[in-house]
Each structure stands twice: as structure tokens, then as C-alpha cells.
Amino acid sequence: MGTNSSSLRPEEIEEMQKGTNFNQKEIKRLYKRFKKLDKDGNGCITSDEFFMIPELAVNPLVKRVISIFDSNGDDSVNFKEFITALSVFNSRGDKNAKLEFAFKVYDIDNDGFISNGELFKVLKMMVGNNLSDIQLQQIVDKTILEADEDGDGKISFQEFAKVLTHTDLDNKMTVRV
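Cut-offs used in this document
- The residue count restarts for each chain, going from 1 along the sequence in the order it is written.
- Local features in this predicted model are restricted to residues whose pLDDT is 70 or higher, and side-chain atom pairs enter the listing and the counts only when it is 80 or higher, whereas totals over whole chains, interfaces and linings include all residues.
- Heavy atoms throughout the structure, all of them, feed into the side-chain values; hydrogens and water do not.
- In what follows, salt bridge is the name for a side-chain nitrogen of Lys or Arg lying within 4 Å of a carboxyl oxygen of Asp or Glu.
- Here's how the labels work: a residue is buried when its accessible area is under 20% of the maximum for its type, exposed when over 50%, partly exposed in between, all with a 1.4 Å probe on protein chains only.
- UniProt positions are given in the numbering used here, feature names are shortened, and annotations may be inferred rather than shown by experiment.
- For the purposes of this entry, the term helix denotes a DSSP run of H or I that reaches at least four residues, the term strand denotes a run of E that reaches at least two, and both are numbered from the N terminus.

## A few points about the pattern of salt bridges
- Counted under the stated rule, the structure contains 6 salt bridges.
- A salt bridge links Arg9 to Glu11, with the nearest nitrogen and oxygen atoms 2.8 Å apart.
- A salt bridge links Glu12 to Arg9; the shortest N-O distance between them is 3.8 Å.
- Judged by its relative accessible area of 3%, Glu12 falls in the buried class.
- The exposure class of Arg9 is partly exposed, given its relative accessible area of 42%.
- Sharing partners across several salt bridges, the network here consists of Arg9, Glu11 and Glu12.

## So, the UniProt feature "domain: EF-hand" (unreviewed entry) in the chain
- UniProt records the feature "domain: EF-hand" (unreviewed entry) for residues 25-60, 62-92, 94-129 and 135-170 in the present numbering.
- The span residues 25-60 is 58% helical and 8% strand by assignment, and the distance between its end C-alpha atoms comes to 32 Å.
- For the annotated span residues 62-92, helix accounts for 55% and strand for 10% of the residues, and the straight-line distance between the end C-alpha atoms is 23 Å.

This is the structure we're talking about:
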């Protein structure tokens, strides 16, 4: 990838169009934004650079979101990872892909299930000290009990998707470029 150069080559844009829901104009616009976020100009956005975005800095789940963007696990997000992850949130993005992204936020160990402990950790990030650990554990236990249809003590993707079928996830998880 020529992400260190000032612009993307036409073949790079074409390749990214195939793997995302973005058109050429949107890809170029996103690349300009990416370059602004990449303060040290190394072609990657680190956690620290993400935290410079005021809206993200106050989001308690930003670390989870960054870890999902970072598909190769190198603690930074290159432009291809950035645009691939953002593609999920495009208005032309697939509802199922949005559900999968939301599921990954909770599935910390990436085993395909949300365990009681994982749900507790993510909800703790969201509520901070507004609830006691005992109150939070009660919410987690109740949530698992209600969502866990096969009685294995954890939430599968199918169970997660079923719980969220009546929410307007499509609108809540759409970013206009």
C-alpha cells in the first residue's frame, strides 16, 4: 500500500472499492481524513492518535472499537483496515455486518461467544462507577439468562442478533461520509 504517499494510486482506490461499500470520491475523502489523524505521517493511526479525536476520547468503548479496526493486531490501524471497518458503517453497509461489528465489541476473546465475564467488562466500561459491581453483575446475569436460548451460559451471534432484531441498529450504526 502506498499509504505513506500523499495520495492513493488509482489501482489502490479500485482495489479498496471492491472490498468496501465506498465509491472513489468517498475513498479519497476518507484518505484525507485519515492523513489528518495520522499525526506522525507513518501511514498508521495509533491508539494515541485516535484519542486525539474529542468524540472518541470520551467514548468508553473506543479501545474495543480500535481493536476491531486493527484486524492484523499490530496496535495500529492502516488505511486499508480503517476503510474496511468504516465500510460497515456506510449507509450502503449490510445490516448483518453491523450486527457482527457490534457483537465483536462484546466478544473480547474473539471465540464467537459473549461470556458473562466479557459482558460484565464491556458494560463496566460503559457505566463506569455509576453502578456497583453487584448491580452490574445482576444486569449481566439477567441479560445472559434472557438471551441464552440454548442454555450454554453464553450468548452466540445468533442469540445476540435475535435480541437486537427489533432495534434500529441500521440507523444507529450508520456514518455519513
